[in-house]
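# Summary of structural features
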Amino acid sequence: MTTATRTLDLAPAARRVAALLPAIGPEQLGDRTPCPGFDVATLLDHLLVLTTEFTHAARKTPTDGPVEPSAAHLDPDWRTELPDRLAELAAAWTDPEAWAGGTRAGGLDFPAAEVGVIALNELVVHGWDLARATRQRFSVDGPSAQACLAFAAGFEVVVPGLFGERVEVGAGAPVFHRVLGIEGRDPRWTP
């Protein structure tokens, strides 16, 4: 595990996602998002599922695997439940033991440090998805953007096409726009 990995902080991304929730109206739950096949309600359900899955991965108490996200499964208390789960996720990854050894996430075994970066990437990219779909602003701190770029670029080599069709954003694009492009999102996407 590198020092950079050990010092990744999921709290800024978790707080940014939580800050989006109060402005989401019930009329927006069926709106499309940049995440293919997900409307806002399905994306919120996915965020609820992934926060639980990655919190358990940090604690080395894996679940049986994630449930397929669905608007029909969205907890009616998502406005209070999701901020709590986001905070719990960020807190779980502050423990140095969370980053050590191996763990299980999504029904697969990974090095724990890799799972922590995947969790961060999920928060950042899906936070952007949620912000764009609900016409809100979303910023990403420099260390998170850099970690997500390294993850996305590395994973795209290992599993080509994992994120969908790449969107060319240009070599001079901001770091986070490059992340979005690798992960099949157009930074200019609008609902």
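Residues numbered from 1 in each chain as written. Predicted model: local features only at pLDDT ≥ 70, side-chain atom pairs only at ≥ 80, totals over all residues. Heavy atoms only, no water.

The name an unreviewed UniProt entry gives the chain is TIGR03086 family metal-binding protein, with Pseudonocardia xishanensis as the organism.

## Here's the deal with helix α2 (residues 11-20)
To be explicit about the condition: We call a residue buried when its accessible area falls under 20% of the maximum for its residue type, exposed when it is over 50%, and partly exposed in between, using a 1.4 Å probe and counting protein chains only. Runs of H or I in DSSP of at least four residues are treated as helices and runs of E of at least two as strands, each being numbered from the N terminus. Here, residues are in contact when the closest pair of their heavy atoms is within 4.5 Å.
Every buried residue of α2 is listed here: Ala11, Pro12, Ala13, Ala14, Val17 and Leu20. Its buried side turned inward, α2 meets α3 (40-59), α4 (78-92) and α5 (112-133).

## Structural notes on unusual backbone geometry
Residue lysine 60 is not a glycine yet carries a positive backbone phi of 65°. For lysine 60, the location among the structural elements is in the loop between α3 and α4. Of note in the backbone geometry, arginine 135 takes a positive phi value of approximately 60° without being a glycine. Inspection of the secondary structure puts arginine 135 in the loop between α5 and α6 (142-158). Here arginine 135 falls in the exposed class, since its relative accessible area comes to 59%.

## Focus: the environment of alanine 72
Following the sequence through the fold, alanine 72 ends up in the loop between α3 and α4. According to the relative accessible area criterion, alanine 72 is exposed, its value standing at 72%. For alanine 72 and aspartate 45, which are 27 residues apart along the polypeptide, the C-alpha to C-alpha distance reads 8.7 Å.

## A word on the environment of glycine 65
When you line up the elements, glycine 65 lands in the loop between α3 and α4. Taking C-alpha positions, glycine 65 is 6.9 Å from alanine 105, a pair spaced 40 residues apart along the chain. If we skip the residues at most four places from it in the chain, glycine 65 touches Glu53 and Gly107.

## Digging into the packing of α5 against helix α7 (residues 175-182)
The following threshold applies: Convention adopted: a line fitted to C-alpha atoms gives each axis, helices being fitted over their contacting stretch, and angles between N-to-C directions are expressed from 0 to 180 degrees. Angle categories: roughly parallel below 35 degrees, roughly antiparallel above 145, roughly perpendicular from 65 to 115, and oblique for all the rest. Asp, Glu, Lys and Arg are counted as charged, while Ala, Val, Leu, Ile, Met, Phe, Trp, Tyr, Cys and Pro are counted as nonpolar; the rest, among them Gly, fall into the polar class.
Remark: α5 packs on α7, axes separated minimally by 11 Å, with the N-to-C direction vectors making an angle of 90°. Compared by their axis directions, α5 and α7 come out roughly perpendicular. Residue-level inspection shows Asn121, Val124, Val125 and Trp128 of α5 in contact with α7, the latter providing Phe176, Val179 and Leu180. A per-class count over the contact of α5 with α7 returns six nonpolar, one polar and no charged.

## A look at the pairing of strand β1 (residues 102-105)
Formally: Whether two strands pair depends on DSSP finding at least two bridges between them.
Of the two faces of β1, the one lined by Thr103 and Ala105 is fully buried and the one lined by Gly102 and Arg104 carries no buried residue. Between the end of β1 and the start of strand β2 (residues 108-111), which pair antiparallel, lie two residues, with glycine 106 showing a positive phi angle near 65°.

## Here's the deal with the nonpolar core
Here is the rule: What makes a nonpolar core is a set of buried Ala, Val, Leu, Ile, Met, Phe, Trp, Tyr and Cys residues whose side-chain atoms join them at distances within 4.5 Å.
Among the nonpolar cores identified, the biggest contains 60 residues, and Leu10, Leu44, Phe54, Trp93 and Leu130 are the most heavily contacted of them. Counting residues per element, the ones that place at least two in this core are α2, α3, α4, α5, α6 and α7. Per element, the largest residue contribution to this core is 13 residues, and it comes from α5.

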